[in-house]
Amino acid sequence: MSATRPPRPANLAGLDPAEAARRLAEHGPNLLPGSAPRTLWSMVAGVLLEPMFLMLLVAGGLYLALGDRAEAAFLLSFVFVIIGITLAQERKTQRALESLRELSAPRALVIRGGAEIRIPGREVVVGDLLVLHEGDRVAADAVLLDGHLDVNESLLTGEAVPATKLPGGEAGQLFASTVVTKGVGVAEVHAVAGATAVGRIGQALADTVEPVSGLQQASRRLIRNLTVGGLLLAAAYALLGWLWDGHGLLQSVLAGIALTMAILPEEIPVILTVFLALGAWRISKQKVLTRRVPAVEALGAISVLAVDKTGTLTQNRMQVAELRLVDDSCHGEEAAELPEPFHELVEFAMLATPADPFDPMEKAIQQFGLYWLTDTEHVHAEWAPEFEYALSPDILAMTHVFRGDARHAHLLATKGAPEAVIDLCHLGDADAAAILRQVEAMAERGLRVLGVARGEWQGAAWPRSQHDFDFRFLGLVGFVDPPRPEVPVAIAECRDAGVRIIMMTGDHPATARAIARQVGLSERAEVITGAEMAVLDDAALRERLRQVDLCARLKPEQKLRLVQLLRDGGEVVAMTGDGVNDAPALKAADVGVAMGERGTDVAREAAALVLLDDSFASIVAAIRQGRRIYDNITKATRFVFAVHMPIIALALVPTLLHWPVLLMPVHIVLLELLIDPACSVVFEAEPAAADIMRRPPRAPSDSPFAAANLRHAVIQGLGFAGILLLGYGLLLGRGLDAAQGRSAVFIALVLGLFLLTLANRDVSRPALSRMPARNPWLPRMFGGVALMLAIVVGVPFFRGVMGLTVPGTFILLATAGMLAAAIAWLELLRRTTRGNLR
């Protein structure tokens, strides 16, 4: 029977407050391990120990030690700006997560010293008595002592339908972080913090190793190799000039410095850091919070998206999907009206439901009834039950008793498990079997099913049991957790992008199959269950996964196993989820994506990305951004290597040919000041290609530093270098002095830098062709290049420092000729390598 307060036997006085305080001091707070926020100093240390930042600091320090203060100031200021941006992003992320943590932190109503008091969830200790009502979040693992509860355990099990909890034994086990949807009760805490089921998953989470981004690995190797090689080559060059050519020591050291400055790849860490940090910022504008910046790069390579059903593909709420009467007539979601024969079924389902329910299935009944029956005689908002029979271990049905009319002293409205309601109606075997066949058919379509009955009572005293009433079976109500409306379009876009979607859920196979059909997840109906997986070894399961897209009845460790198997098979895996049970798999995936609104703290801490609006479509937008960022990193890397080739050649070759020095350190400093913004601003702002979501994911082995990309860049740059060196030689051969020749070549080189920028935006189009999408930074870059040239050539002080002269007509014509030859060279190279690069 119903009660407004939880039953409390006289012996349940709870812990003494002093004893509770002692246990709290001895065992610590009821917090999950690893949930403490990162300190500012730990963030700073993490940023500074990143190899990319160390490379920038070393390069800046080297230039400062060599007296090149402009380049040193630029590099070091860039370092601190990037550190500031990264720390701000980290702090913003941390604050957002702390806010979410505070919102989700439960407060607990406990009995201590015989009195009910409300305390923070972190102060709950073993032995506390929890008083639980509808809507309460359970603060710790406990066992129900008295009362009856329905508890939503979807964050642990993936099941959308609440589990019924009865006093004692397995049926009374309550778990931390689950939510009471119906009933009242008293439970005794037996585990807190890391000893809870949630805490054990948290420990599995701590033991899971996060994968290192492929781009991180490749960039570290490249930077290390180029730095060592560049320093060795520059040292050999300086010694060669001093010992072989007879140049003075100072001149040889300056030449070596110039070559070192030309070779050092300081733009590579700038590109990676700025592109990924700005990518995280761009993604945040689409309600996706980036917790681990390297995951932005991995987004573009995702080949498998493993999605949790409840709360990810579906809305984690129930709605009425089907009504079925005893005569097998049916009313579905798509019907335009509710026929009269179904009105009685809906009326008595509503009467058997509280007017303002918390339970998701009861909410669905009230919403459905009010939608179809408002302004009819079948809605009784003013009625209140005189008596209630609650669910019990013996009868999984509940009955509301209402005062009747002149014909009936009392009306009875009952709903519950179909088997229980059939039993209450005392149906014959044939009728019961027919209804159970209907139930089975509805369950096969993924529906949760309740039976509904009505009855009359003329007696004066209430019977002890619902079995003492006479009921008439009215029909069945089927419920479904509906898919999110944006999911089908997002899944279709993923399929166009070559991203395979696999459902991983703790729910029933029939439910998984039904949702998959509704959202268009897979044309293959086969489902593999956790029990089937348990008997397969890794090789057999990996082979089975090639034919199956739906995985049901999974345990948390099985989700983790599936993610690891997919990754071991060469897939780049993104895992989405919102529950505690998803956390280990979220962390093990290449990109873990947690739900911010419905997700648990554990899931958010484990994930690399957090969807602040829980929109599945945001995942697709994030994948699009990840692909754009990777494309632009590839373009910028190609540009860096292409533009360094002429700088290296112009610093190295004239000395070897005994020509006048062409490029001095001051020239290279100026060029670097142009190259860095071109990389970090212009290419970062490059819009996405039109086909970016119509091509398959890149292979995990692909890299912006792959041989094909760098080979194209080196050939591009060497061809341009050959043109400039040939022009310099011809000018010297015609009797021009070093300053005039240097002026022509330097102007051509600076303008060629802009030309290489255009050529590497899209290698499928000529450098000077009009692109379909505009880059707002290109005109600004060209203006900056033109302004810089005007200053260094037009201002006598800078012209003298740079060793240049005011260009006459002949020098300008020579410059134009070199640029025309460069354009022809770039077009020839583009035509011979068409289709091999992006």
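Presented here is a report on the structure given in the accompanying data block. (Residues numbered from 1 in each chain as written. Predicted model: local features only at pLDDT ≥ 70, side-chain atom pairs only at ≥ 80, totals over all residues. Heavy atoms only, no water.)

1. Regarding unusual backbone geometry
We note that Ala 193 has phi near 50°; this positive angle belongs to a residue other than glycine. Here Ala 193 is to be found in the loop between strand 7 (179–191) and helix 6 (197–207). The backbone phi angle of His 426 is positive, close to 55°, even though this residue is not glycine. The residue His 426 is located in the loop between helix 14 (418–424) and helix 15 (429–444) in this model. (Helix = DSSP H or I, 4+ residues; strand = E, 2+ residues; numbered from the N terminus.)

2. Quick look at the packing of helix 19 (residues 538–545) against helix 20 (residues 556–568)
The N-to-C vectors of helix 19 and helix 20 enclose an angle of 80°; their axes lie 10 Å apart at closest approach. One way to sum up the angle between helix 19 and helix 20 is to call them roughly perpendicular. Residue-level inspection shows Asp 538, Leu 541, Arg 542 and Leu 545 of helix 19 in contact with helix 20, the latter providing Arg 561, Leu 562, Leu 565, Leu 566 and Asp 568. Looking at the contact of helix 19 with helix 20 residue by residue, the classes come out as five nonpolar, no polar and four charged. (Axes fitted to C-alpha atoms, helices over the stretch in contact; angles between N-to-C directions. Parallel < 35°, antiparallel > 145°, perpendicular 65-115°, else oblique. Contact = heavy atoms within 4.5 Å. Nonpolar A, V, L, I, M, F, W, Y, C, P; charged D, E, K, R; others polar.)

3. Looking at the pattern of salt bridges
A side chain of one charge can pair with a side chain of the opposite charge when the charged atoms of the two come close. Under the defined criterion, the tally for this structure stands at 31 salt bridges. A salt bridge links Lys 559 to Asp 308; the shortest N-O distance between them is 3.1 Å. Linking Lys 559 in helix 20 with Asp 308 in strand 9 (residues 304–308), this pair joins segments that are 251 residues apart in sequence. This pair shows no difference in class: Lys 559 is buried, exactly as Asp 308 is. We note a salt bridge from Glu 827 to Arg 831, for which the minimum N-O separation is 2.9 Å. Taken as a pair, Glu 827 and Arg 831 lie in helix 29 (residues 809–832) at a separation of four residues, close to a single helical turn. Several salt bridges share partner residues, and in doing so they unite Glu 19, Arg 22, Arg 23 and Glu 26 into one network. (Salt bridge = Lys/Arg side-chain N within 4 Å of Asp/Glu carboxyl O. Buried < 20%, exposed > 50% of the residue type's maximum accessible area, 1.4 Å probe, protein only.)

4. Some words on the packing of helix 12 (residues 343–351) against helix 13 (residues 360–373)
Contact geometry of helix 12 with helix 13 gives a least axis separation of 9 Å together with a crossing angle of 135°. By the angle between their axes, helix 12 is oblique relative to helix 13. As for how helix 12 packs across helix 13, the hand of that crossing is left-handed. Across the interface between the two elements, His 343, Val 346, Glu 347, Ala 349 and Met 350 of helix 12 pack against Ile 365, Gln 366, Phe 368, Gly 369, Leu 370 and Leu 373 of helix 13. Of the residues in the contact of helix 12 with helix 13, the class split is seven nonpolar, three polar and one charged. (Left-handed = near helix turned anticlockwise from the far one by under 90°.)

5. Here's the deal with the environment of Ile 692
On the secondary structure map, Ile 692 appears in the loop between helix 24 (665–683) and helix 25 (707–733). Classification of Ile 692 as buried rests on a relative accessible area of 0%. As for Ile 692 and Arg 624, which are separated by 68 residues in sequence, their C-alpha atoms are 7.1 Å apart. Residues contacting Ile 692, with those up to four places away along its chain left out, are Arg 624, Arg 627, Arg 628 and Asp 631.

6. Structural notes on the side chain of Arg 628
The residue Arg 628 is located in helix 23 (residues 616–656) in this model. Among the polar contacts listed, one links the side chain of Arg 628 to the backbone oxygen of Glu 686, at a separation of 3.0 Å. Setting aside residues up to four positions removed in sequence, Arg 628 forms contacts with Arg 282, Glu 684, Ala 685, Glu 686, Pro 687, Ala 688 and Ile 692. (Polar contact = N/O pair within 3.5 Å; in protein donor to acceptor, adjacent residues only side chain to side chain.)

7. Points about the nonpolar core
Core analysis: the largest hydrophobic core is formed by 136 residues, its most contacted members being Leu 305, Leu 313, Leu 521, Phe 616, Phe 639 and Phe 746. Sorting elements by how many residues they give to this core places helix 23 first, with 16 residues. Apart from the residues lying within four places of it in its own chain, the contact partners of Leu 305 are Cys 494, Val 499, Arg 500, Ile 501, Ile 502, Ala 574, Thr 576, Phe 616 and Ile 619. (Core = buried A, V, L, I, M, F, W, Y, C linked by side-chain atoms within 4.5 Å.)

8. A short note on a nonpolar patch on the surface
On the surface, Leu 787, Ile 791, Val 795, Phe 797, Phe 798 and Val 801 cluster together into a nonpolar patch covering about 540 Å² of accessible area. When residues in the nonpolar patch are grouped by element, the largest group, three residues, is from helix 28 (residues 796–802). Here Phe 797 is to be found in helix 28. (Patch = residues over 30% accessible without salt bridge, like charges linked within 9 Å, V, L, I, M, F, W, Y side chains within 5 Å. Areas by Shrake-Rupley, 256 points an atom, 1.4 Å probe, with all protein chains shown as cover.)

9. Topic: the environment of Leu 109
Tracing the sequence through the fold places Leu 109 in strand 1 (residues 107–112). According to the relative accessible area criterion, Leu 109 is buried, its value standing at 12%. The spatial distance from the C-alpha of Leu 109 to the C-alpha of Leu 130 is 5.9 Å, given a sequence separation of 21 residues. Those residues in contact with Leu 109 that sit more than four places away from it in its chain are Glu 116, Ile 117, Arg 118, Leu 129, Leu 130, Val 131 and His 133.

10. Focus on the sheet that holds strand 21 (residues 591–595)
Strands sit in the order 8-22-21-20-9-17-19-18 across an open sheet of eight strands; the sheet is mixed. The sheet is open, and its two borders are formed by strand 8 (288–290) and strand 18 (527–529), each paired with just one other strand. Going from strand to strand, the sheet's axes swing by 20° on average, the running direction of each strand aside. By the bridge criterion, five bridges tie strand 9 to strand 17 (residues 500–504) in an arrangement that is parallel. Opposite Asp 308, over in strand 17, you have Met 504 as the bridge partner. (Pairing = 2+ DSSP bridges.)

11. Describing the packing of aromatic side chains
Inspection of the entire model under this criterion finds 12 aromatic pairs. For the ring pair Trp 383 and Phe 402, a centre distance of 5.8 Å and an interplane angle of 45° mean the geometry is tilted. Here Phe 402 lies in strand 13 (residues 397–403) and Trp 383 lies in the loop between helix 13 and strand 12 (387–389), a separation of 19 residues in the sequence. Taking relative accessible area as the criterion, Trp 383 reaches 30% and is therefore assigned partly exposed. When its relative accessible area of 4% is taken as the criterion, Phe 402 is described as buried. Summarising the aromatic geometry, the rings of Trp 457 and Phe 469 are spaced 5.2 Å apart at their centres and angled 90° between planes, so their arrangement reads as edge-to-face. Here Trp 457 is found in strand 15 (residues 448–457), whereas its partner Phe 469 is found in the loop between strand 15 and strand 16 (470–480), with 12 residues between them in sequence. For the pair shown, Trp 457 and Phe 469 are each scored as buried. Clustering of aromatic rings is evident, with ring pairs tying together Phe 387, Tyr 389, Trp 457, Trp 462, Phe 469 and Phe 471. We note Arg 780 situated over the ring of Trp 777; from NZ or CZ to the ring centre the distance is 4.4 Å. (Phe/Tyr/Trp six-rings, centres within 6.5 Å; stacked < 30°, edge-to-face > 60°. Lys NZ or Arg CZ within 6 Å of the ring centre and 35° of its normal.)

12. A closer look at helix 16 (residues 487–496)
By the burial criterion, the buried members of helix 16 are Val 487, Ala 490, Ile 491 and Cys 494. Seen along its axis, helix 16 keeps its buried residues to an arc of 100°; they face one direction. Residues of helix 16 that are exposed and angled more than 90 degrees away from the buried face: Val 489 and Asp 496. Its buried side turned inward, helix 16 meets strand 9, helix 11 (309–313), strand 17, helix 17 (509–519) and helix 23. Two residues or fewer after helix 16 comes Gly 498, characterised by a positive phi angle close to 80°. (Arc of directions from axis to C-beta.)

13. Thoughts on the sheet that holds strand 16
Sheet architecture is open: seven strands sit in the order 11-10-16-15-14-13-12, paired in antiparallel fashion. Of all strands in the sheet, those with a lone pairing partner are strand 11 (330–332) and strand 12, marking the two edges. For this sheet, the mean inter-axis angle between neighbouring strands, taken without regard to orientation, is 20°. Of the pairings in the sheet, the one linking strand 15 to strand 16 comprises nine bridges and is antiparallel in character. Opposite Val 452, over in strand 16, you have Gly 475 as the bridge partner. In the packing of helix 13 onto the sheet, contacts are made with strand 10 (319–325), strand 11, strand 13, strand 14 (410–416), strand 15 and strand 16, and the angle to strand 10 comes to roughly 75°.

14. Regarding the pairing of strand 14
Within strand 14, seven of the seven residues are buried, which leaves it mostly tucked inside the rest of the structure. Where burial is concerned, the two faces of strand 14 agree: the one with His 410, Leu 412, Thr 414 and Gly 416 and the one with Leu 411, Ala 413 and Lys 415 are both buried. Relative to strand 14, strand 13 runs antiparallel, the two being bridged by seven bridges. Paired with Met 398 across the two strands is Lys 415, which belongs to strand 14. Judged from the seven bridges that link them, strand 14 and strand 15 form a sheet pairing that is antiparallel.

The values are spatial; any link to function lies outside them.
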